[in-house]
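# Descriptive structure summary
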Amino acid sequence: MTSRSLSNRFRTLRRCVVALGLLVAVALMTPGAAFADQKDPRLPELFDLLKKAPDPGAAQQVEGLIWTLWFHSDNPEVLKLMNTGVAAMSASDFKMAIDAFTQVTQIAPDFAEGWNKLATVHYLTGDYRDSLDEIGHTLELEPRHFGALSGLGLVQVELDHTEQALDAFERALEVYPLMQGARMNADTLRKQLQDKSI
C-alpha cells in the first residue's frame, strides 16, 4: 500500500470518527431518543473504529464517544445519581460516591457503568475485594469494557498478581490497541516477568 493510499485511508477514518461524533451528539440532544447504555446499537461500529484508529488522537476521539454512550441512561434517577457520584469522586468524597453508585446498581443492576464506577471508587479506597467483584459485574454486562479491564489489571497489580494483571491489560489492548496506560503497564509487567525468569 502506498503512503498516499494509506494517508487517504486515515483521512477517511478520521471523517468517520467526526461524523459518528456528530451523530452521537445530535442524537443525545434529541428529545425522546432511546439509548441503551452498553447495549447501544452504535457501539459495535465505534469499537471497530477504535481497533482501526491510526493514532492515539483518533483513538481518543472514539474512546470519548464510547464513554458517552456507556454513561448514558434513560432513567433520570440513574443519570442524576451517576452525576452525583462522579462529582463526589472528583471531590474525594468517596463515601458519597459509594452511596450514589451503590444506589445505581440497586436501581439498574444491568447498567454496566454503574458497576464500573463503583469498582473505581472501591479501588481508590483500597477495597480491592469489592472492586474485583464489581469489575466482574461490569465485564459480564460489557465484555469490551476496556476501562474495567484496565482497572482489573490495576487491582491485580496491587494484589501482586503479576500474571493476572498482565492478562487483564492485554485483554484491554485487544479491544483498544492504542490505550496508552494499558500499553505502558503491560510493557512494565512483561519486563518484570522476564527479569524474574532470568
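The present account deals with the structure reproduced in this document.

## Overview of helix H10 (residues 180–197)
Here H10 contains 18 residues, and its C-alpha end-to-end distance of 26 Å stays within 8% of the 26 Å for a straight helix at 1.5 Å per residue. Of all the positions in H10, only Ala182, Ala186 and Leu189 are classed as buried. Angular distribution of buried residues about the axis of H10 spans 70 degrees; they occupy a single face of the element.

## Remarks on the nonpolar core
Phe47, Leu50, Ile66 and Phe146 are the most contacted members of the largest nonpolar core, which has 34 residues in total. Counting only elements with at least two residues in this core, the list comes to helix H2 (43–52), helix H3 (56–71), helix H7 (128–141), helix H8 (146–158), helix H9 (162–175) and H10. For Ile66, the contacting residues outside a window of four places in its chain are Leu43, Leu46, Phe47, Leu50 and Phe146. Grouped together as the second largest cluster of nonpolar side chains are 15 residues, Met82, Met89, Ile98 and Val104 included.

## Quick word on the packing of H9 against H10
Packing of H9 against H10 brings their axes to within 9 Å, and their N-to-C directions diverge by 145 degrees. Between H9 and H10 lies a crossing whose hand is left-handed. Facing H9, whose interface residues are Thr162, Glu163, Ala165, Leu166, Phe169, Glu170, Ala172 and Leu173, H10 presents Ala182, Arg183, Asn185, Ala186, Leu189, Arg190, Gln192, Leu193 and Lys196. Considering only residue class, the contact of H9 with H10 consists of nine nonpolar, three polar and five charged.

Calculation rules
- Residues take numbers from 1 onward in each chain, read along the sequence in its written order.
- Local features are withheld for residues below a pLDDT of 70 in this predicted model, meaning they are given only at 70 or higher, and side-chain atom pairs are given and counted only at 80 or more; totals for whole chains, interfaces and linings count all residues.
- Where side-chain values are given, they derive from all heavy atoms of the structure, hydrogens and water being excluded.
- Only DSSP runs of H or I with at least four residues qualify as helices, and only runs of E with at least two residues qualify as strands; both kinds are numbered from the N terminus onward.
- Expected span of a helix, by definition, is 1.5 Å for each gap between consecutive residues, and there is one gap fewer than residues.
- Three exposure classes are used, based on accessible area relative to the maximum for each residue type with a 1.4 Å probe and protein chains only: buried under 20%, partly exposed in between, and exposed over 50%.
- Summarising the geometry, the arc corresponds to the directions from the helix axis toward the C-beta atoms.
- Definition of nonpolar core: a set of buried residues of the types Ala, Val, Leu, Ile, Met, Phe, Trp, Tyr and Cys, connected through side-chain atoms within 4.5 Å.
- Here, two residues are considered to be in contact whenever any of their heavy atoms come within 4.5 Å of each other.
- For helices, the fitted axis covers only the stretch in contact; all axes are lines through C-alpha atoms, and the angles between them, taken along N-to-C directions, range from 0 to 180 degrees.
- Here is the rule for handedness: rotate from the far helix to the near one, and if that takes an anticlockwise turn smaller than a right angle the crossing is left-handed, while a clockwise turn gives right-handed.
- For this classification, Asp, Glu, Lys and Arg are treated as charged, while Ala, Val, Leu, Ile, Met, Phe, Trp, Tyr, Cys and Pro are nonpolar and the rest, including Gly, are polar.

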